[in-house]
Amino acid sequence: MSVTAPLGFTAAGLTAGLKPSGTKDLSLVINTGPDTAVAAVYTSNRCKANPVLWSQKVSANGQARAVVLNSGGANCYTGDFGYETTTLTAQTTAALLTEAGTATQAEDILVCSTGLIGVGGQDFRDTIIDNLQPLVAAAEDTVTGGEHAAEAIMTTDTVAKTATREGSSGYTIGGMAKGAGMLAPGLATMLVVITTDAKVDREVLDQALRASTSSSFDRLDTDGCMSTNDTVILMSSGAHEATVDTDEFSSLLRELCLDLMHQLHVDAEGAHHDIAITTQGAASEAEAVEVSRSVSRSALFKAAIFGQDPNWGRVVAQVGTTSATFDPTAIDVSINGTEVCRASGPYEDPEKVTFDRNVDVVIDLHAGDHTATVWTSDLTHDYVEENSAYST
């Protein structure tokens, strides 16, 4: 049920005709209350899509009634016309919800888009606006609504991505995500909607969401490319009366974000290997992240993993490009449990390294007590082929 698992939420997804494939491409999640608290984080890319610019304003006051999402077009760099499309989407949705008995303003509606940059013309606008009425009507179906909503935000994804968690006092957290390419910090090229019936205020939502995304979605870096449309939204209906332990809530939210992040990871475009790069013995967590991220962005390293070549020299060379604290003569590297490098020199026979889908790389800097993991994918023929013809 994903986003409809918590009390107080309905959702829908349908085929509007934005995607040539004829698959679902328009999605809606409605918070029926009694609370409408929201927190959101957005791409750190300075080039932001029109829905991001709109939603940043909407979520600033910590309240939102619903979110409309589409695949089949990013509505990014489509000028004032594209921003007007986003505004019309919010206005029309608000009017339809008001007609249905829930007084709603356009400023209560978040909007998200995903797809090709530059797509957002008159046909795009008309297709969305014309299908909002059946979309709102379909949200009355709480049985399949969450499933359909998750399907409708898919682009190059091969599967819908959903997750749920339940608190000890009975409240629920549910989420859906999309993303398979342009996965880099700034949230990855993804849209994520998370819902909860836990009765928590906007400040708790915001703090918990930012802490969770920083250690999950922001650590996924499959290709070093940052999207213009990234959005992660957390809405609370407050429909469950149970007392909420905020520490437990934050922990469960992080679990759910990590769950969704790993689903994004294993579905990355063209990937043959899912790689976890852990840097330990760092002087700070930030330095551990910097080192792991530097290795994750090395085309040479990623190509080596694709070829099942345990070339630890490419790892050490990347470590040296960072500003982290370490002794260049004291770096250890293990690949899938085999310590191929000790004290910055050859150690165990690289032929001992065995490869399967999951690849674990551990770097020890011997410079402190901090650890961090960044997840990435190998550089494959399939990835190049898929992305070389993406727009044509």
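- Identification of the protein as Arginine biosynthesis bifunctional protein ArgJ from Brevibacterium picturae is taken from an unreviewed UniProt entry.
- Here is the UniProt Subunit (unreviewed entry) comment for the protein, exactly as written: "Heterotetramer of two alpha and two beta chains."
- According to UniProt, the comment filed for the protein under the heading Sequence similarities (unreviewed entry) is "Belongs to the ArgJ family."

## What about unusual backbone geometry?
In step 1: In this structure, the amide linkage connecting G33 to the following residue, P34, adopts the cis form with an omega of 20°.
In step 2: Phi at Y77 takes a positive value of approximately 55°, unusual for a residue other than glycine.
In step 3: You can see Y77 is positioned in the loop between β4 (66–70) and α2 (79–99).
In step 4: Its identity as a non-glycine residue notwithstanding, H366 has a phi of 50°, on the positive side.
In step 5: Looking at the element boundaries, H366 is found in the loop between β14 (358–364) and β15 (370–377).

## Focus: the packing of helix α7 (residues 285–296) against helix α9 (residues 312–319)
In step 1: Put simply, α7 and α9 touch, their axes get as near as 9 Å, and they point 130° apart. Compared by their axis directions, α7 and α9 come out oblique. Of the two elements, α7 crosses α9, and the hand of that crossing is right-handed. Between α7, through V291, S294 and V295, and α9, the contact on the second element is made entirely by V315, Q318 and V319.
In step 2: Looking at side-chain class alone, the contact of α7 with α9 contains 4 nonpolar, 2 polar and no charged residues.

## Topic: the pattern of salt bridges
In step 1: Applying the stated criterion to the full structure yields 14 salt bridges.
In step 2: Note that R293 and D221 form a salt bridge whose closest N and O atoms lie 3.5 Å from each other. In this pair, R293 sits in helix α7 while D221 sits in the loop between α5 (202–214) and β9 (231–236), placing the two residues 72 residues apart along the sequence. Both residues of the pair, R293 and D221, count as buried.
In step 3: Between E348 and K352 there is a salt bridge, and its shortest N-O distance comes to 3.9 Å.
In step 4: Overall, the relative accessible area of 53% leaves K352 in the exposed class.
In step 5: Taken together, the shared-partner salt bridges in this structure form one network comprising D157, K161 and D267.

Conventions and cut-offs
- Chains are numbered independently. Their residues run from 1 in the order of the written sequence.
- This being a predicted model, a pLDDT of at least 70 is required before a residue's local features are given, and a value of 80 or more before pairs of side-chain atoms are given or counted; all residues contribute to the totals for chains, interfaces and linings.
- The side-chain values count all of the structure's non-hydrogen atoms but skip hydrogen atoms and water molecules.
- UniProt positions are given in the numbering used here, feature names are shortened, and annotations may be inferred rather than shown by experiment.
- Secondary structure counts use DSSP, requiring at least four H or I residues in a row for a helix and at least two E residues in a row for a strand, with both numbered from the N terminus.
- Between the N-to-C directions of two axes lies an angle of 0 to 180 degrees, each axis being a line fitted to C-alpha atoms and, for a helix, fitted only over the stretch in contact.
- In this scheme, roughly parallel covers angles under 35 degrees and roughly antiparallel covers those over 145, while 65 to 115 is roughly perpendicular and the rest are oblique.
- Handedness of a crossing follows from how the near helix is turned relative to the far one, being left-handed for an anticlockwise turn of less than a right angle and right-handed for a clockwise one.
- We call two residues in contact when some of their heavy atoms are within 4.5 Å.
- All residues other than Ala, Val, Leu, Ile, Met, Phe, Trp, Tyr, Cys, Pro, Asp, Glu, Lys and Arg, Gly among them, are scored as polar; the first ten of these are nonpolar and the last four charged.
- A side-chain nitrogen of Lys or Arg and a carboxyl oxygen of Asp or Glu constitute a salt bridge if their distance falls within 4 Å.
- Whether a residue is buried, partly exposed or exposed follows from its accessible area with a 1.4 Å probe, protein chains only, as a fraction of its type maximum: under 20%, in between, or over 50%, in that order.

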